Amino acid sequence: MRHYRSRPRSATNRLAAASLATVACVCVGAPTADATATDTVVSRGVSIPAFYTPPAQLPTTNGALIRREPLSLGLSLPGLDGRPLPGTATRLMYKSTDSDGQAVAVTGAYIEPSAKWEGDGSRPLVAVASGTMGQGDQCAPSFALQHPLTVSGQTLSIAYDNLAIYRLLAVGAAVVVTDYVGLGATDRLHTYVNRLDEGHAVLDAVRAARALPGTSLTSGSRVGLYGYSEGGGATASAAELQPTYAPEVPLAGTYAGAPPADLTAVMKGIDGSVLAAALGWAINGFVQTYPYMRDAAEANLNDAGRKALADTSTMCVGDAMLGYGFARSSTWTNSDKSVAEIIAADPRAQAILDAQRIGTLKPNGPVRVATGIHDDIVPHAQARQLAVDWCRKGGKVTYRAVDLPNLGDKILTNHLAPLITDQQAAISWLTDRLKGKPTTSNCWTMPFQR
């Protein structure tokens, strides 16, 4: 039996993840290829389609399709040949495995492009891992494909990654988008920046796309991964998990932009920033997954901290910035210490965070790591260290330090500007890998690059 939680604007005097106990019980039938659920979740005034409520039983195979349905793209134009531009979309739900080794339903979308693939061989597939969208189910990337701007009076979500998706479709690559664990699917909270959950969700999205009938993909279709920020961490994790988790999915290339590879450093970066709510999303996810973190949170958070976690658990980036921009976590604790300080003083909590470190495994296939030298939200130094770690393990790494002027600390500009200025170069690099063009590592330049 699966559960879903109702989505109030806020809840006080309890942790967001602990509030999962106050759930409504829903029984749904065994999954069929195109079955849909019958219950609706409302998240901050937005009705989440019943499609997103997982069934009671899940398949055993990772990447297996649970259900599918046509998805109308929010931005679509009629093509001269009668086919819509940029393509035809299908909403997906597929099976993955979470960090506890348990079966989990993940949602997403596949887009069959109208554009012709101009490279050699079969049409390739790119799995897009979206940047931070929030923790409310209304923030799901697949939902954002249909609703590029979601405004309910209580929430604000902008589909900023749709530009990269459409650029990939324009070169003729098919695209599959993952919603990650718990973002969209209504049975749990999104486990924000959990490297295993996210890496698995990306790789299983590839498997699901390959299993989808009626596409132009073949067994010979090359596969690439694209992600920035949270998405950069997800694709980086997927690239190094692929040899053991999905060895049958060889990767032609992986782009990991501004990857949050070291969460200890990232927590310090987002604390007090305009995106301070992301700290709440991370804590919510870890509290849900690790019982010890729940106990630690209960012991250290004050009423303001409990309210912040409950409130942020249903927010998208827009309303989170308006509601918690520049908040400091020291105001959420009963010791006036920051969350990072509390975790650092607790060996068990720090060990949980350390286990999220990306860069301990060698990625199989070429990877491109890009990071803005002034990025202080997802700090530049820890992203550069990921490239160094992979280089030391013999990875085929292309490292790019995006050198732009300092556009203002803690206000997100130093994080977003590299996304915009480097995006075309990133897509061009990935397209070349999908075409089978060789690349060489520039690890030898790391001592000379910032």
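This text follows the structure it describes.
The notes below deal with the structure included here. The structure displayed is predicted, hence computed values, not measured ones.

Digging into the packing of aromatic side chains
Counted by the stated rule, this structure contains five aromatic pairs. Ring centres of Phe-286 and Tyr-290 lie 6.1 Å apart, and the angle between their planes is 35°; this geometry places the pair in the tilted category. Just above the ring of Phe-51 sits the side chain of Arg-91; from NZ or CZ to the centre is 5.8 Å. One Lys or Arg, Arg-433, reaches over the ring of Trp-429 and ends 5.1 Å from the middle of that ring.

Considering the state of the cysteines
Applying the stated rule across the entire model yields two disulfides. The partner cysteine of Cys-139 in its disulfide is Cys-316, sulfur to sulfur 2.1 Å. Residues Cys-139 and Cys-316 share a disulfide whose torsion about the S-S bond is about -100°; that sign makes it left-handed. Taken together, the residues Cys-139 in the loop between strand E10 (125-129) and helix H1 (141-146) and Cys-316 in the loop between helix H8 (303-312) and helix H9 (317-324) connect sequence positions 177 residues apart. Overall, the relative accessible area of 0% leaves Cys-139 in the buried class. The exposure class assigned to Cys-316 is buried, which follows from its relative accessible area of 0%.

Considerations on the pattern of salt bridges
Under the criterion given, the structure shown has 17 salt bridges. Between Arg-400 and Asp-422 there is a salt bridge; the shortest N-O distance is 2.7 Å. Residue Arg-400 is found in strand E17 (residues 397-402), and its partner Asp-422 is found in helix H13 (residues 413-434); the two are separated by 22 residues along the sequence. For Asp-422, a relative accessible area of 0% corresponds to the buried category. The partner of Lys-437 in a salt bridge is Asp-432, and the shortest N-O contact between them spans 3.6 Å. According to the relative accessible area criterion, Asp-432 is partly exposed, its value standing at 26%. Through salt bridges with shared partners, a single ionic network connects Arg-44, Lys-307, Asp-311 and Asp-319.

A look at the nonpolar core
The tendency in soluble globular proteins is for nonpolar side chains to be buried side by side. Core analysis: the largest hydrophobic core is formed by 65 residues, its most contacted members being Tyr-110, Leu-125, Val-176, Trp-390 and Val-397. Per-element accounting of this core gives the leading share, seven residues, to helix H3 (residues 195-211). For Tyr-110, the contacting residues outside a window of four places in its chain are Thr-88, Ala-89, Thr-90, Leu-92, Leu-125, Ala-174, Val-175, Val-176, Ala-209, Leu-212, Thr-215 and Leu-217. The next biggest cluster of nonpolar side chains, apart from the first, holds 37 residues, and it includes Tyr-192, Val-266, Met-293 and Leu-309.

Definitions and limits used
- Residues numbered from 1 in each chain as written.
- Predicted model: local features only at pLDDT ≥ 70, side-chain atom pairs only at ≥ 80, totals over all residues.
- Heavy atoms only, no water.
- Phe/Tyr/Trp six-rings, centres within 6.5 Å; stacked < 30°, edge-to-face > 60°.
- Lys NZ or Arg CZ within 6 Å of the ring centre and 35° of its normal.
- Disulfide = S-S within 2.5 Å.
- Helix = DSSP H or I, 4+ residues; strand = E, 2+ residues; numbered from the N terminus.
- Buried < 20%, exposed > 50% of the residue type's maximum accessible area, 1.4 Å probe, protein only.
- Salt bridge = Lys/Arg side-chain N within 4 Å of Asp/Glu carboxyl O.
- Core = buried A, V, L, I, M, F, W, Y, C linked by side-chain atoms within 4.5 Å.
- Contact = heavy atoms within 4.5 Å.

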